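Summary of structural features
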Amino acid sequence: MTNTIILLFLLILIEYYSLKRYRNILCPAVLHNVFWIFAVVGILFIPGAKDLHLRTVLLVFVGSLLFQLGFRTIPQEKKQGIVYLPEIVLFPKAVKVTVLLLFIPFLYVIKLYIDGNYFINETLYGALLNASDDIHLPLAMNYINKMIQTFSLAIILIYWVANKHKNLAGHTRTRNIDNSVRKYVILLFIMASLCVLASPTRNGMLTFFLPLVMIYLYTHNMSRKQIIRILFIAACIFLLFFYFVSRGKYAFAYEQGNSIKEVFLGEFVNYLSGGVYTLDKVIESHSFTRHGSNTFRFVLAVWDSFFGTHLAPDIVNEFVDDGIIYTNVFTFYDFYIRDFGILYSFLVQYILAILYGYLFKATNNGKVGCLFFQAMLSYPLIMQFFQDQYISLFSSW
């Protein structure tokens, strides 16, 4: 496993450099490498795993290096947290009306779940999965589901920022915030959480949960130790949800007499490292196979919807089984390698790094809109070790 260990060492060096340079745990340049490191470490624990080829080592290393270089093109100040957040106006009536409008279709879906008696003599995961498969909600409901989650994150952000100024001013009530809106914010959060649970997937949970954590950390002044503590608690919550999904999705494995620890760790290592390990096997066969249809999938999907064609490629990859790992995810790089090869994937990584650099600087300067986008983009950033969640996520409709 010489090449794998070399890659791990190089990634740790880059991580040390980014921490030393930016001194901020929440900096995208710092966060970018963390799960790549975990993914490479996981390969060392895959039974029977072979060493990574030098080509894959260079791909991941150069990509990480380019992210740092792209991020550096936007000058950053060395500081922990946001200098200030601007005073922001919360419109209670608009929040209440919007929440109530979203609550109507939400309540309709809840009624369908209850009336279907899916929760009788069935595990929670099995009941939720059966309900999701049987009800066949119209496409519009899927949009409403995402709208509830996104709107809740935006409102929670505004609410916390407004509360921050209320507390700083020492007032029990200010013109910028109406305490009566709190119950609507809580209701919206509960609705969003149930929308996540209604379709229980690990990535679906992270899409909502990770931006929420980032918004909380950015809107509350915390020391580095406090941030690490919150991130640790968040990681534990995700591991519990991961076990909940794993126990339901792979119940047969848990029921075959193997120890729960053994099965869970096997599933977790496969989730964490399967993408990097399998990318090593498919780089050559996947290169230049889609000629831009991944990058322009959104445009092709719009074209398909208007003219009834089938030009947009399938968002779900084919499974690869090499006898050690069985997966259909091949990291962030594979999505772009399929279009125009490795150099193109490097270009995309570099451009994304510049975007993150701009958003991070604007966030630290108190631009709330950029803070929101920064938080939303924390999910695809961290999931680069797994698969692309930028263009692929944007065009999955």
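Computed from a predicted model, the values in this text were never measured in an experiment.

**Here we look at the overall build of the protein**
Summing up its helical and strand segments, the protein has 16 helices and 2 strands in all. Burial status across the protein gives 49% buried among its 397 residues. Contacts in the protein between residues far apart in sequence, at least 24 positions, make up 76% of those at least 6 positions apart. Here the protein has roughly 19700 Å² of accessible surface; of this, 68% comes from carbon and sulfur atoms.

**A look at the packing of helix H11 (residues 260-286) against helix H13 (residues 331-364)**
Pairs of packed helices are described in terms of their axes, by the angle between the two and the distance that separates them. At a minimum axis distance of 10 Å, the contact between H11 and H13 shows a crossing angle of 5 degrees. By the criterion of interaxial angle, the relationship of H11 to H13 is roughly parallel. Between H11, through Gly-275, Val-276, Leu-279, Val-282, Ile-283 and His-286, and H13, the contact on the second element is made entirely by Thr-331, Asp-334, Ile-337, Arg-338 and Ile-342. Taken together, the residues of the contact of H11 with H13 sort by class into 6 nonpolar, 3 polar and 2 charged.

**Description of the nonpolar core**
Counting residues in hydrophobic clusters, the biggest one holds 102 residues, and the most contacted among them are Leu-7, Phe-71, Ile-148, Tyr-271 and Phe-385. Ranked by residue count, the leading element in this core is H13, at 12 residues. Apart from the residues within four sequence positions on either side, Tyr-271 is in contact with Arg-202, Asn-203, Leu-206, Phe-238, Phe-242, Met-383, Phe-385 and Phe-386. Formed by 6 residues, the second largest nonpolar core is a distinct cluster that contains Tyr-113, Leu-128, Ala-131 and Ala-198.

**Things to note about empty space enclosed by the protein**
Applying the stated criterion across every chain, the model contains 1 cavity of 30 Å³ or more. The space that makes up the largest cavity amounts to roughly 40 Å³. Every residue along the wall of the largest cavity is listed here: Leu-26, Pro-28, Leu-31, Met-214, Tyr-356, Gln-374, Leu-377, Ser-378 and Leu-381. Listed by contribution, the elements that provide at least two residues to the lining of the largest cavity are helix H2 (28-43) and helix H15 (378-382). Residues of the lining of the largest cavity, tallied by class, amount to 7 nonpolar, 2 polar and no charged.

**Some points on helix H12 (residues 297-307)**
Within H12, the full set of buried residues consists of Arg-297, Leu-300, Ala-301 and Asp-304. Mapping the buried residues of H12 onto a view down its axis gives an arc of 100 degrees, with all of them on the same face. For H12, the exposed residues lying more than 90 degrees away from the buried face are Val-299, Phe-306 and Phe-307. Where H12 terminates, the next one or two residues include Gly-308, which has phi positive at roughly 70 degrees.

**A word on the packing of aromatic side chains**
Overall, the coordinates contain 31 aromatic pairs when judged by the stated rule. Here Phe-35 and Phe-38 contribute two aromatic rings whose centre-to-centre distance is 5.4 Å and whose plane-to-plane angle is 90 degrees, an arrangement assigned as edge-to-face. Here Phe-38 and Phe-35 lie together in helix H2, a separation of 3 residues that amounts to about one turn. One residue, Lys-281, lies across the ring of Tyr-277, its end atom 4.4 Å from the ring centre.

**Remarks on unusual backbone geometry**
If you check the backbone angles, His-291 has positive phi at about 50 degrees while not being a glycine. You can see His-291 is positioned in the loop between H11 and H12. A relative accessible area of 56% means that His-291 is categorised as exposed. Positive phi outside glycine occurs at Thr-331, with the angle close to 75 degrees. Relative to the helices and strands, Thr-331 is located in helix H13. Taking relative accessible area as the criterion, Thr-331 reaches 2% and is therefore assigned buried.

**With respect to a nonpolar patch on the surface**
Judged by side-chain polarity, Met-1, Ile-5, Leu-44 and Phe-45 come together as a nonpolar surface patch covering roughly 390 Å² of accessible area. Summarising the element assignment, Leu-44 is placed in the loop between H2 and helix H3 (54-72).

**Considering the layout of surface pockets**
Rolling a probe over the atoms, with the probe sized like a water molecule, indicates the empty space that remains. In this model, the second largest pocket occupies a volume close to 870 Å³. Elements with a minimum of two residues in the lining of the second largest pocket: helix H1 (2-22), H2, helix H8 (202-219), helix H9 (224-249) and H11. It is H9 that provides the largest number of residues to the lining of the second largest pocket, a total of 8 residues. Class assignment for the residues of the lining of the second largest pocket results in 28 nonpolar, 1 polar and 2 charged.

**Some points on the packing of H2 against H11**
Close contact between H2 and H11 brings their axes to 8 Å; oriented N to C, the two are set at 95 degrees. Taken together, the axes of H2 and H11 lie roughly perpendicular to each other. Together, Phe-35, Trp-36, Phe-38, Ala-39, Gly-42 and Ile-43 of H2 and Val-269, Leu-272, Ser-273, Val-276 and Tyr-277 of H11 make up the contact between the two elements. Residues of the contact of H2 with H11, tallied by class, amount to 9 nonpolar, 2 polar and no charged.

**A look at the pattern of salt bridges**
According to the stated counting rule, one finds 4 salt bridges in the structure shown. Arg-55 serves as the salt-bridge partner of Glu-284, at 2.9 Å between the closest nitrogen and oxygen. Taken together, the positions of Glu-284 in helix H11 and Arg-55 in helix H3 put the pair 229 residues apart, joining distant regions of the chain.

Parameters at a glance
Residues numbered from 1 in each chain as written. Predicted model: local features only at pLDDT ≥ 70, side-chain atom pairs only at ≥ 80, totals over all residues. Heavy atoms only, no water. Helix = DSSP H or I, 4+ residues; strand = E, 2+ residues; numbered from the N terminus. Buried < 20%, exposed > 50% of the residue type's maximum accessible area, 1.4 Å probe, protein only. Contact = heavy atoms within 4.5 Å. Areas by Shrake-Rupley, 256 points an atom, 1.4 Å probe, with all protein chains shown as cover. Axes fitted to C-alpha atoms, helices over the stretch in contact; angles between N-to-C directions. Parallel < 35°, antiparallel > 145°, perpendicular 65-115°, else oblique. Nonpolar A, V, L, I, M, F, W, Y, C, P; charged D, E, K, R; others polar. Core = buried A, V, L, I, M, F, W, Y, C linked by side-chain atoms within 4.5 Å. 1 Å grid on protein atoms, 1.4 Å probe; cavity = no way out; pocket = protein on both sides within 12 Å on 5 of 7 lines; lining within 4 Å. Points joined across faces, edges and corners; volume = space filled by probe spheres on them. Arc of directions from axis to C-beta. Phe/Tyr/Trp six-rings, centres within 6.5 Å; stacked < 30°, edge-to-face > 60°. Lys NZ or Arg CZ within 6 Å of the ring centre and 35° of its normal. Patch = residues over 30% accessible without salt bridge, like charges linked within 9 Å, V, L, I, M, F, W, Y side chains within 5 Å. Salt bridge = Lys/Arg side-chain N within 4 Å of Asp/Glu carboxyl O.

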